Amino acid sequence: MRIVRVLVPAFAALIGLSSILTAYAGSLIQLSSDPFTNSTSQHRTEVEPDTFAFGSTIVSAFQVGRFFNGGASDIGFATSTNGGKTFTSGFLTGITNNTTPAGAYFRASDPSVAFDAMHGFWIISYLGINAQGTAPVDLLVSTSKDGLAWKGPFPVNTDGHFNDKNWTVCDNTATSPFYGNCYTEFDDNTLSDLEQMSTSSDGGLTWGPSLATGQHLHGIGGQPLVQPDGTVIVPVAGFASRGGDVNAFSSTNGGASWGQTTRIADVIAHRPAGGLRNGLGLPSAEIDGAGKVYVTWPDCRFEPGCTANDLVFSTSSNGTNWSPVTRIPVDSIGSGVDHFIPGLAVDRSTSGGTAHLALAFYFYPNANCTTATCELDVGSSTSSDGGATWTSNIQLAGPMSLTWLANTSQGFMVGDYISTSFSGGPAFAAFAVASSPSKGVFDEAIHTVRGGLSVTGQGNAAHDQRTIPSNGTDTSSNQTWR
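The sections below set out a description of the structure shown in this document. As the structure is a computational prediction, the values presented were derived from the model and not from experiment. Position numbers for residues start from 1 in each chain and track the written sequence from start to end. Side-chain atom pairs in this predicted model are given and counted only at pLDDT of 80 or more, local residue features only at pLDDT of at least 70, and totals for whole chains, interfaces and linings cover all residues. Side-chain measures here rest on the full set of heavy atoms in the structure, leaving out hydrogens and waters.

1. A look at the overall build of the protein
By the criteria applied, helices consist of DSSP H or I runs no shorter than four residues and strands consist of E runs no shorter than two, each listed in order from the N terminus. In terms of regular secondary structure, the protein is built from two helices and 35 strands. For the protein, the spread of C-alpha atoms along the principal axes amounts to about 55 × 50 × 40 Å. Here, two residues are considered to be in contact whenever any of their heavy atoms come within 4.5 Å of each other. By sequence separation, contacts in the protein at least 24 residues apart represent 60% of the contacts at least 6 residues apart. Element-wise, carbon and sulfur atoms account for 53% of the exposed surface of the protein, whose accessible area totals about 16100 Å². Lys and Arg are tallied as positive, Asp and Glu as negative. Neither His nor the chain termini are counted. One atom stands in for each charge, and that atom is NZ of Lys, CZ of Arg, CG of Asp or CD of Glu. Each charge class in the protein can be summarised by its mean position, and for the 21 positive and 37 negative side chains these summaries are 5 Å apart. What sets the accessible areas is the Shrake-Rupley method with a 1.4 Å probe; for residues, cover comes only from the shown protein chains.

And the structure:
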């Protein structure tokens, strides 16, 4: 296993920071760098990070060496065992033919991180892709006791279908009747993105059968969350005839079955300019200490003419009844700023009206741009009162040119999703930052914010809302793909 240790205080002295990072040398930490040299994928590129934190340990996982038509050369990780003061980075082995020891797959993709407190296992789930980037695409996990030394891959689903967009969570409430269960969501692209769930009760080493929902929901990008009583709620993007939905389904019996679908809201979104891949507007979901679920996604319903996206959110305490769609006021209506690819965190030591939230996202300062003129930035906002108010947009990185990013068949890529997780008081976001390529070699790597994002004080009131009349159990066309 290749291990690279990053010492946070000395980071700026250890590597040469390019012009894009100069202004942020005191606030950004590069977590990893693509070490591969195979000519089949784009180097050096790292994209699409997920994070999870438990206690003082933070683990991030991401794609390394992105291919144009799907997947990457390997899955990388960056782990802190001291609350974000230092990070150790490395690369999973045994998955693809690019590592030593080599694995059976030619590419890997879509990493998601979880922790099983009962069994003491960190889990990274991901996809193993064959040479052509078509079926079969297997769903796999690697496990670790410390977030540093990893074993695997272990199979979740290897049925020969094209599986996609996996996400894993574990039940870490000791009083829950299903304490120690872990749940992985994914969609079966071979079956028109049929939503599937699989359950493990041994720290991810073995997994049960893949189960559809009660209504055979077709969707993508679900993010399961576990309430203190063991109820699992899965917000997910749906395919409705009207262009898209955000939905939710749940299980109250430890994953033995999955219930009917609730429609949270329709999605009215603006496609970001310049050919940027934006993950189809996938939702980002988190949960507070009392079990209240927060879901956010990009949406243009509050902007005149739908010329740019805001980030909006909805909440629920039971997965069935959802609050009105509410605009997150990081920028003013009509500002022309386009927001997308959100990564939401909720501090699980807080709840209700004092819940701490942190949000990282990408944005264009001017939505009306082209591939040549778009300026891509990373922004953030926090809330100390359960989403009642939010701080104004704070730029974390950028501007970046789109041509600095890995190119894919679906556009220039930083990730279909990014992620943010609380560890103690601050929240740590992971996101891709790119500099100008040199001699044909990219410079796109995963970063975080030194010291994390602090949640303090009140911000701008989130008062712009739209009630969705059909909120509730859904029997409509979102059950049929596209």
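2. Focus: the pairing of strand S25 (residues 376-383)
Counted residue by residue, S25 has eight buried out of eight residues, so it is predominantly covered. The cut-offs for exposure are 20% and 50% of the maximum accessible area for each residue type, with area from a 1.4 Å probe on protein chains only; residues under the lower value are buried, those over the upper are exposed, and the others partly exposed. Side chains Leu376, Val378, Ser380 and Thr382 project from S25 onto one buried face, and the interleaved Asp377, Gly379, Ser381 and Ser383 project onto a second face that is buried too. Where strand S24 (residues 357-364) lies against S25, seven bridges are found, and the strand directions are antiparallel. For phenylalanine 363, the partnering residue across the bridge sits in S25 and is aspartate 377. Sheet topology note: the S25/strand S27 (residues 394-400) ladder contains four bridges and is antiparallel. By the bridge assignment for S27, glycine 379 is matched with glutamine 395. Any two strands are treated as partners once DSSP identifies two or more bridges connecting them.

3. Structural notes on the packing of aromatic side chains
Working definition: a ring pair exists when centres of Phe, Tyr or Trp rings (six-membered ring for Trp) sit within 6.5 Å. Plane angles under 30 degrees give stacked, over 60 give edge-to-face, the rest tilted. Scanning the entire structure with this criterion turns up twelve aromatic pairs. Measuring from centroid to centroid gives 6.0 Å for tyrosine 183 and tryptophan 258, while their planes differ by 90 degrees, and the two rings are edge-to-face. Taken together, the residues span a long stretch of sequence, with tyrosine 183 in strand S12 (residues 182-188) and tryptophan 258 in the loop between strand S17 (245-251) and strand S18 (262-266) at a distance of 75 residues. When sorted by exposure, tyrosine 183 lands in the same class as tryptophan 258, which is buried. Note on tyrosine 294 and phenylalanine 313: the rings are 6.5 Å apart at their centroids and 25 degrees apart in plane angle, and the pair reads as stacked. Note that tyrosine 294 is positioned in strand S20 (residues 293-299) and phenylalanine 313 in strand S21 (residues 310-316), a separation of 19 residues in sequence. Judged by relative accessible area, tyrosine 294 falls into the buried class, the value being 1%. With a relative accessible area of 7%, phenylalanine 313 lands in the buried category. Chaining the aromatic ring pairs together yields one cluster made of Phe52, Phe54, Phe115 and Trp122. The cationic tip of arginine 107 hangs over the ring face of phenylalanine 67; the distance from NZ or CZ to the ring centre is 4.1 Å. The cationic tip of lysine 145 hangs over the ring face of phenylalanine 121; the distance from NZ or CZ to the ring centre is 4.3 Å. Think of it as a cone above the ring: NZ of Lys or CZ of Arg counts as a charge over the ring if it is within 6 Å of the ring centre and within 35 degrees of the ring normal.

4. Here's the deal with the environment of threonine 37
Relative to the helices and strands, threonine 37 resides in the loop between strand S2 (28-30) and strand S3 (46-54). Classification of threonine 37 by relative accessible area gives exposed; the value is 73%.

5. Topic: the nonpolar core
Counting residues in hydrophobic clusters, the biggest one holds 38 residues, and the most contacted among them are Tyr362, Tyr364, Leu376 and Phe431. Sort the elements by how many residues they give to this core and strand S31 (residues 427-438) lands first, with six residues. If near-sequence neighbours (up to four positions away) are discounted, tyrosine 364 is found in contact with Pro272, Ala273, Leu276, Gly336, Val337, Asp338, Phe340, Cys369, Cys374, Glu375, Leu376 and Leu402. Think of a nonpolar core as a cluster: buried Ala, Val, Leu, Ile, Met, Phe, Trp, Tyr and Cys residues, connected wherever their side-chain atoms sit within 4.5 Å.

6. A closer look at the state of the cysteines
The definition used for a disulfide is geometric: two cysteine sulfur atoms within 2.5 Å. Under the defined criterion, the tally for this structure stands at three disulfides. Here cysteine 170 is linked by a disulfide to cysteine 182, with a sulfur-sulfur distance of 2.1 Å. Between cysteine 170 and cysteine 182, the disulfide has an S-S torsion of 100 degrees and is therefore right-handed. Placement of the pair is cysteine 170 in strand S11 (residues 163-170) and cysteine 182 in strand S12, with a sequence separation of twelve residues. A residue is classified by how much of its surface remains accessible, and cysteine 170, at 6% relative accessible area, is buried. Overall, cysteine 182 belongs to the buried group, its relative accessible area being 0%. A sulfur-sulfur separation of 1.9 Å characterises the disulfide bridge that pairs cysteine 369 with cysteine 374. Torsion about the S-S bond of the cysteine 369 and cysteine 374 cystine: about 85 degrees, corresponding to right-handed handedness. For the pair formed by cysteine 369 and cysteine 374, the shared burial category is buried. Cysteine pairing for the protein (bonded cysteines numbered in sequence order): 1-2, 3-4, 5-6.

7. Considering the side chain of aspartate 188
With respect to the secondary-structure elements, aspartate 188 resides in strand S12. For aspartate 188, a relative accessible area of 1% translates into the label buried.

8. Observations concerning the pairing of S12
Along S12, seven of the seven residues are buried, which leaves the element largely enclosed by surrounding structure. Alternating positions in S12 separate into two faces, Cys182, Thr184, Phe186 and Asp188 on one and Tyr183, Glu185 and Asp187 on the other, with burial throughout. As paired elements, S11 and S12 share six bridges and run antiparallel to each other. Along S12, the bridge assignment pairs asparagine 163 with aspartate 188.

9. Observations concerning unusual backbone geometry
In this structure, the amide linkage connecting histidine 43 to the following residue, arginine 44, adopts the cis form with an omega of -10 degrees. Here arginine 44 shows up in the loop between S2 and S3. Of note, the phi angle at aspartate 110 is positive, near 55 degrees, even though the residue is not glycine. Inspection of the secondary structure puts aspartate 110 in strand S7 (residues 107-116).

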